[in-house]
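In case you want the letters, here they are:
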Amino acid sequence: MSKTYLCTAIPYVNGNPHIGHAMDYLLADVYARFCRMMGDEVRFQVGTDEHGNKVFSTAQKNGVSVDDYVQMNSDKFRKFIKQLDISYTDFIRTTDPEHVRRCQEIWKRLENHIYSAEYEGWYCEGCERFVTAKECEENHGVCPDHQKPYQQLSERNYYLRIADFKDKIRDQIEKDTMQILPEFRKQEVLQLLADAPDISISRPRGQLSWGVPVPGDDDQIMYVWIDALSNYITVLGYPDQDISTYWPAQAQFIGKDILRFHAITWPAILLGLGLPLPKHLVTHGYILADGQKMSKSIGNVVDPIEVLDKHGLDAFRYYFLRHVDTFTDADFTWEKFENAYNNELANDLGNLVQRLATLCKKNGIRGVINPTGEDKKYIKLMQNFEFSRAFDYAWTKVQALNKSIDEQKPWELAKTGETERLHQVLEKLACDLLVANQLLTPFLPTATEKIHSIFTAPDIAPPETPLFPKN
RNA sequence: CGCGGGAUAGAGCAGCCUGGUAGCUCGUUUGGCUCAUAACCAAAAGGUCGUUGGUUCAAAUCCAACUCCCGCAACCA
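Everything in this summary refers to the structure shown in the same document. (Residues numbered from 1 in each chain as written. Chains lettered and ligands numbered in written order. Predicted model: local features only at pLDDT ≥ 70, side-chain atom pairs only at ≥ 80, totals over all residues. Heavy atoms only, no water.)

1. So, the environment of asparagine 53
With respect to the element layout, asparagine 53 can be found in helix H2 (residues 53–61). Along the backbone, asparagine 53 and serine 209 are 156 residues apart, and their C-alpha atoms lie at a distance of 7.3 Å. (Helix = DSSP H or I, 4+ residues; strand = E, 2+ residues; numbered from the N terminus.)

Have a look at this one:
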C-alpha cells in the first residue's frame, strides 16, 4: 500500500470562506478519495494562515484579543471544510506553537541562503505598508485611503536568495519532476522564473508584530513566506521527525493567484532544506459570477453557504466538480446550478435509482454483490487530475443505464411472465449501476453511499424520499 | 511589436498534431414509452468552424496577414 500526501493552500483568516477556497478543498478531496479507492493510505492537510498585520489590526478594531480572533476565524474554516465533507487528516494553524518553533528551525537551516539588506520604497503611514512604484504612480503619489503623500522610506529586511536555486527549479519544472498543471501555467512559471528576484522574508518588528520572530534577531519578524509555506512540512513534524514516508507530496492544490509562490518560493525553501519538491502542483481557476470576476465592490459575490443550503452538499460538489473545469475559470449562475440539479442529478441519476429500485422491488430482486473491476479510461483521467472530464465520463455510464432500461423493457418481461430473463436483466442493470456508482464515489460521497446500500441490501427498495427531490 | 492561450449551433466545449460527408453535453421543438422524481427513450431544428488571402483534387484542420477576447508580467496568504 503506497502512502500519499496531499496539500491544500491555507487561507488567510482575515475573511470568510469563499468559493475559491472550496475549489482547493474539493479537488484535493476528490483525489484523496480516489487514491483511497485505489488502495493508498492518504494523508491530507488543510489549515489556516493566521499571522500578519491585517489580522492583528482587525482584531484590535473589533476589540477582541488577537488569539480569540484567529481562533474564531480558524473555526469558521474548520466548519466550512466539515460542511464540504472534506476527508482531511491534518488541520494545521500557523499560530500553533509547534509550527512556530519548527519555522524558526527551518529558518536556521536556510541561513546560508539568507542575507540582510535595505529595502527602499514608497510607504504610506496610514496603511503602514509599502506600495509598488506603479501603485504610487497611479495614485499620483498620494494614498487614496488616507489622503497622505507616500514617503520614501527604507528598512532592513532579510532576503532569501532565489538565485541559488533557479537552475534546479527550472530543471525540475521542465522535466516535470515537479509537474505544474495545467500545462499553460507551467509555461507562465518558466517565464516568471527567468527574472525571479530574491524575496524579502522578514519585516522589522515595528512594521509587523504579529508573527514568528526571526531566530537570533529580535528586531525582525518573519514575513509570510517561510511561516505560511512551511506549514506543508511542519504539519508532518519537520524537522523533528523523519517525513520521508509522506514527503514529497503527491500533489498540492492551489488557486492560480498563488501559483508563483508555490512554484518558485516554495521550491527554493525546499531545495535549501535539501528536501524534494512536490510531484504535482494542481492549479485551478476562478469561479466567475455570471461571467464577471466576483468582487465585494461589485457586490456579486456568491456565498458558498447559500449554494450549499439550496440543494445540499452533493449538488454543490456536483456543480463545482463537473460543470467547473478543473483547470480554467468557469461560470456560476443560479440558473445553471438549478439546471444541473434538476435535469442531471435529479432526472438522470436520482430518477434512475428510483425506477430501477422500484423495478427490483416489484420483482423481488435480492441485493446485488458489489462488482469489482477497473476502468482504465477513468483511472487515467483521475491520475492526470482531469476531474471534470472523469466526472463527465462517469456520467455517460449513468445515461447509458437509462437507455438500457428503455431498450430492455423489463416491465414487458414481467407482463409476459418471462421471470428468469427478467431477473437476469434486472440483476445485470443493478450491477452496472453499482459500477457507475463506484466511479462517482469520489465526487458524490453521500449520494453514492446511499445508492450502494440500496442495491446491496437484502431487499432492494427505493429510498423513502427521492435522492434529489425537486420542489 | 513583452510572453502565452483562444475565436466551431442559444450556452459550455471536442475535433486541428497525422487535410477527405462538422461532433459532444446542456438548452429548444416534435414523437414514443409508462418501470420512474410531468421523470426516461428517440428524432428534428440550429453552424458559410473570427476575417481575408495562399497551398491542395480537397482546408475547421497546413501557411501568411488582419480583427477581437482572455491569461501572465515580483511582495497578491
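2. Section: the protein's contact with RNA strand B
As a structural note, the neighbourhood of RNA strand B is formed by 50 residues, with Asp49, Asp195, Pro197, Arg260 and Asn351 the closest of them. Expressed as a percentage, the sugar and phosphate content of the atoms of RNA strand B within 4 Å of the protein is 65%. Glutamate 188 has a polar side-chain atom sitting 3.1 Å from a sugar or linking oxygen of RNA strand B. Lysine 362 places a side-chain nitrogen or oxygen 3.3 Å from a sugar or linking oxygen of RNA strand B. Within the residue set of the surface near RNA strand B, elements represented by two or more residues are helix H7 (183–194), helix H8 (224–229), helix H10 (259–273), helix H13 (334–362) and helix H15 (387–408). Per-element tally for the surface near RNA strand B: the top contributor is H13, with 14 residues. (Near = heavy atom within 4 Å. Polar contact = N/O pair within 3.5 Å; in protein donor to acceptor, adjacent residues only side chain to side chain.)

3. Here's the deal with the side chain of histidine 113
Mapping histidine 113 onto the fold places it in the loop between helix H4 (97–109) and strand E4 (114–124). Histidine 113 has contacts with Tyr159, Leu160, Arg161, Asp164, Phe165 and Gly272, leaving out every residue within four places of it along the chain. (Contact = heavy atoms within 4.5 Å.)

4. Observations concerning the sheet that holds strand E15 (residues 330–332)
Ordered in space as E14-E13-E15, the three strands form an open sheet in which the pairing is mixed. Bordering the open sheet on either side are strand E14 (292–293) and E15, each of which pairs with just one other strand. Here three bridges tie strand E13 (residues 287–289) to E15, and the two strands are oriented parallel to one another. Counted as the bridge partner of alanine 289 is phenylalanine 332 from E15. (Pairing = 2+ DSSP bridges.)

5. Considering the packing of helix H12 (residues 313–323) against H13
In a pair of packed helices, the angle between the axes and the distance between the axes together describe the arrangement. Where H12 meets H13, the closest approach of the two axes is 10 Å, and the angle between their N-to-C directions is 105°. The pairing of H12 with H13 is recorded here as roughly perpendicular in orientation. Judged by residue contacts, Asp314, Ala315, Phe316, Tyr318, Tyr319, Arg322 and His323 of H12 engage Lys336, Phe337, Ala340, Tyr341, Glu344 and Leu345 from H13. When its residues are assigned to classes, the contact of H12 with H13 shows eight nonpolar, one polar and four charged. (Axes fitted to C-alpha atoms, helices over the stretch in contact; angles between N-to-C directions. Parallel < 35°, antiparallel > 145°, perpendicular 65-115°, else oblique. Nonpolar A, V, L, I, M, F, W, Y, C, P; charged D, E, K, R; others polar.)

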